[in-house]
Amino acid sequence: MTKKVLLKDIAKKAGVSTALVSYVLNGLEKEKRVGRDVVEKINKIAKELNYQPNQIARSLRSGKTKTIGLIIADISNPFSGQIARFIEGEAARLGYTVIIGSTDENSTKFSSLIDSMLYRQVDGLIMAPAEGSSQKIKNLIKEQVPFVFIDRYFPGISANHVVLDNYEATYNAVNYLIAHGRKNICLIIYKTLAVHMQQRILGYKNAMKDNELEDNIIVKEIPRRSYFQVKADTEKNMDELFADKKMDALLFAANALSISGLYAIRKHKIKVPDELAVIGFDGHEVFDFFEPPIAYIKQPLEEMGTEAVRILIEQIKGVKKTVHTEVKHQFISRESGG
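Residues numbered from 1 in each chain as written. Predicted model: local features only at pLDDT ≥ 70, side-chain atom pairs only at ≥ 80, totals over all residues. Heavy atoms only, no water.

Novice: Let's hear about the overall build of the protein: which residues, and what values?
Specialist: On a plain count of helices and strands, the protein comes out with 13 helices and twelve strands. Along the first, second and third principal axes, the C-alpha atoms of the protein reach 80 × 40 × 40 Å. Expressed as a percentage of the 338 residues in the protein, the buried residues total 48%. Accessible surface, the protein as shown: approximately 17,400 Å² in total, 49% of it carbon and sulfur. (Helix = DSSP H or I, 4+ residues; strand = E, 2+ residues; numbered from the N terminus. Buried < 20%, exposed > 50% of the residue type's maximum accessible area, 1.4 Å probe, protein only. Areas by Shrake-Rupley, 256 points an atom, 1.4 Å probe, with all protein chains shown as cover.)

Printed below as a string of structure tokens:
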């Protein structure tokens, strides 16, 4: 059995005191004014000896567990899965472990997940809040729990959040379709009061109005349920749309809706873009294999995830400021869009 490496072993090899080694390995070198050469020497020896800190003892000393709770909407949704991966990667790089929970857009489950993660003594939370959970969030603020909203937020609550420029994303996509001769543009979106979806609807409607096409506004709202239930709901609604034969373009406002919609388009043998222009939301490999490849609004998921981790860890360390970050979308232009 390999002998556990202790602080005194590192101190002996480095020729310094055990206390000095403790300062360096616990990130207190600046506070204790330890020289850079000494810091580098101690870290190098600790690595050579494969030193493994006692996390339980460290947590007891610092009051921190180096864990983050991540609460997402639906782990089966590609958007949620991808952003979770980026958050987990950035957190690991900074020495944190992530505990992940999925709400299925249910406020009761969302509240229960928060309680469970706080019971596990996470240092802070990154979360996509479920609709109807604003009171739970107000309680977190009252209890001074560090947290960051991601993807959506509550307009009436001042709290850290990282979101997409949702209004501009759909506004610009509609203008792109109109510039390519489309006038009867349908928006497929979730039926929800969540602010990010409401902003996408507003962007769509204002773009139609600004181009004097307000009489052509078509919005189809799909119940926000699990990822797999969404497919059946979307196909049913699109069957009705294709029966009317009014639209010449489709704009999907979410990843799962985009993928489900493509199945319906293929089922009805609609020719894209000759009969129908299509713009999706978020990238997915399905978009690449569809013929022609699908144009889409790209969310910078890595930027969103790493920024959320950065803001949360600053909060955990005691930085008291509210950060509202709106990241810019990117439009991936392809033949399906016009």
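The discussion continues.
Novice: Give a detailed account of the side chain of Ser80, specifying residues and quantitative values.
Specialist: Examined against the element boundaries, Ser80 turns out to sit in helix H5 (residues 78-93). Among residues more than four places away in sequence, those in contact with Ser80 are Ile72, Ala73, Asp74 and Ile75. (Contact = heavy atoms within 4.5 Å.)

Novice: Hey, could you go over the packing of H5 against helix H13 (residues 301-316) for me, with residue numbers and the actual values?
Specialist: Running from N to C, H5 and H13 point in directions that differ by 45 degrees, and their axes come no closer than 8 Å. One finds that H5 runs oblique with respect to H13. By crossing handedness, the relation of H5 to H13 is classed as right-handed. Here Phe79, Gln82, Ile83, Phe86, Ile87, Glu90 and Ala91 of H5 lie close against H13, whose contacting residues are Leu301, Glu302, Met304, Gly305, Thr306 and Val309. (Axes fitted to C-alpha atoms, helices over the stretch in contact; angles between N-to-C directions. Parallel < 35°, antiparallel > 145°, perpendicular 65-115°, else oblique. Left-handed = near helix turned anticlockwise from the far one by under 90°.)

Novice: Requested: an account of the pattern of salt bridges, with residues and values cited.
Specialist: Inspection of every chain in the model, using the stated rule, returns twelve salt bridges. A salt bridge links Arg310 to Glu314, with the shortest nitrogen-to-oxygen separation between them at 3.1 Å. Taken together, the residues span about one helical turn, with Arg310 and Glu314 both in helix H13 at a distance of four residues. Of the residues examined, Glu314 reaches a relative accessible area of 27% and is grouped as partly exposed. Through salt bridges with shared partners, one network takes in Glu105, Asp151 and Arg152. (Salt bridge = Lys/Arg side-chain N within 4 Å of Asp/Glu carboxyl O.)

Novice: Quick rundown of the packing of aromatic side chains? Include the residues and the values.
Specialist: Scanning all chains against the criterion turns up five aromatic pairs. Between Tyr176 and Phe331, the aromatic rings sit 4.6 Å apart at their centres with planes inclined by 55 degrees, giving tilted as the arrangement. Taken together, the residues span a long stretch of sequence, with Tyr176 in helix H8 (residues 166-179) and Phe331 in strand S12 (residues 330-332) at a distance of 155 residues. Overall, the relative accessible area of 19% leaves Tyr176 in the buried class. You can call Phe331 partly exposed: its relative accessible area is 24%. Centroid distance Phe287 to Tyr296: 5.5 Å. Interplanar angle 55 degrees. Geometry classified as tilted. Of the two residues, Phe287 and Tyr296, neither departs from the other in class, the shared state being buried. Ring pairing ties together the aromatic residues Phe147, Phe149 and Phe154, which thus form one cluster. (Phe/Tyr/Trp six-rings, centres within 6.5 Å; stacked < 30°, edge-to-face > 60°.)

Novice: Quick one: what's the story with the pairing of strand S1 (residues 67-72), residue by residue and with numbers?
Specialist: Along S1, six of the six residues are buried, which leaves the element largely enclosed by surrounding structure. The pairing of S1 with strand S2 (residues 97-102) spans six bridges and is parallel. The partner of Gly69 across the bridge, within S2, is Ile99. Each parallel crossover has a hand, and for S1 linked through H5 to S2 it is right-handed. Relative to strand S3 (residues 124-127), S1 is paired through four bridges, and the arrangement is parallel. (Pairing = 2+ DSSP bridges. Right-handed = clockwise from strand over helix to strand, strands pointing away.)

Novice: I'd like a rundown of the sheet that holds strand S10 (residues 295-298), residues and numbers included.
Specialist: Within the open sheet, the six strands sit side by side as S7-S6-S8-S9-S10-S12. Their pairing is mixed. What marks the edges here is a single partner per strand, and that holds for strand S7 (218-223) and S12. Strand-to-strand, the axes of this sheet are offset by a mean angle of 20 degrees, without reference to chain direction. Pairing geometry for S10 and S12, over three bridges, is antiparallel. Within the sheet, the bridge partner assigned to Tyr296 lies in S12 and is Ile332. Its contacts with the sheet place helix H9 (residues 195-210) against strand S6 (185-191), S7 and strand S9 (277-281), and it is angled at close to 165 degrees to S6. Packing of helix H11 (residues 255-267) onto the sheet brings it into contact with S6, S7, strand S8 (249-252) and S9, and relative to S9 it is tilted by some 150 degrees.

Novice: Let's hear about empty space enclosed by the protein: which residues, and what values?
Specialist: For the structure on display, the rule yields two cavities of 30 Å³ or more. For the largest cavity, the lining is made up of 27 residues, of which Asn77, Phe79, Ser80, Arg152 and Arg224 are closest to its centre. Residue assignment for the lining of the largest cavity shows that the elements contributing at least two residues are H5, H9 and H11. Taken together, the residues of the lining of the largest cavity break down into twelve nonpolar, six polar and nine charged. Here the second largest cavity defines a volume of roughly 30 Å³. For the second largest cavity, the full set of lining residues is Asn160, Ile311, Glu314, Gln315, Val319, Lys321 and Val323. Among the residues forming the lining of the second largest cavity, the class breakdown is three nonpolar, two polar and two charged. (1 Å grid on protein atoms, 1.4 Å probe; cavity = no way out; pocket = protein on both sides within 12 Å on 5 of 7 lines; lining within 4 Å. Points joined across faces, edges and corners; volume = space filled by probe spheres on them. Nonpolar A, V, L, I, M, F, W, Y, C, P; charged D, E, K, R; others polar.)

Novice: Give a description of the nonpolar core that names residues and reports values.
Specialist: Core analysis: the largest hydrophobic core is formed by 74 residues, its most contacted members being Ile126, Ile188, Met238, Leu250 and Ile265. In terms of residues, this core owes the most to one element, H13, which gives eight residues. (Core = buried A, V, L, I, M, F, W, Y, C linked by side-chain atoms within 4.5 Å.)

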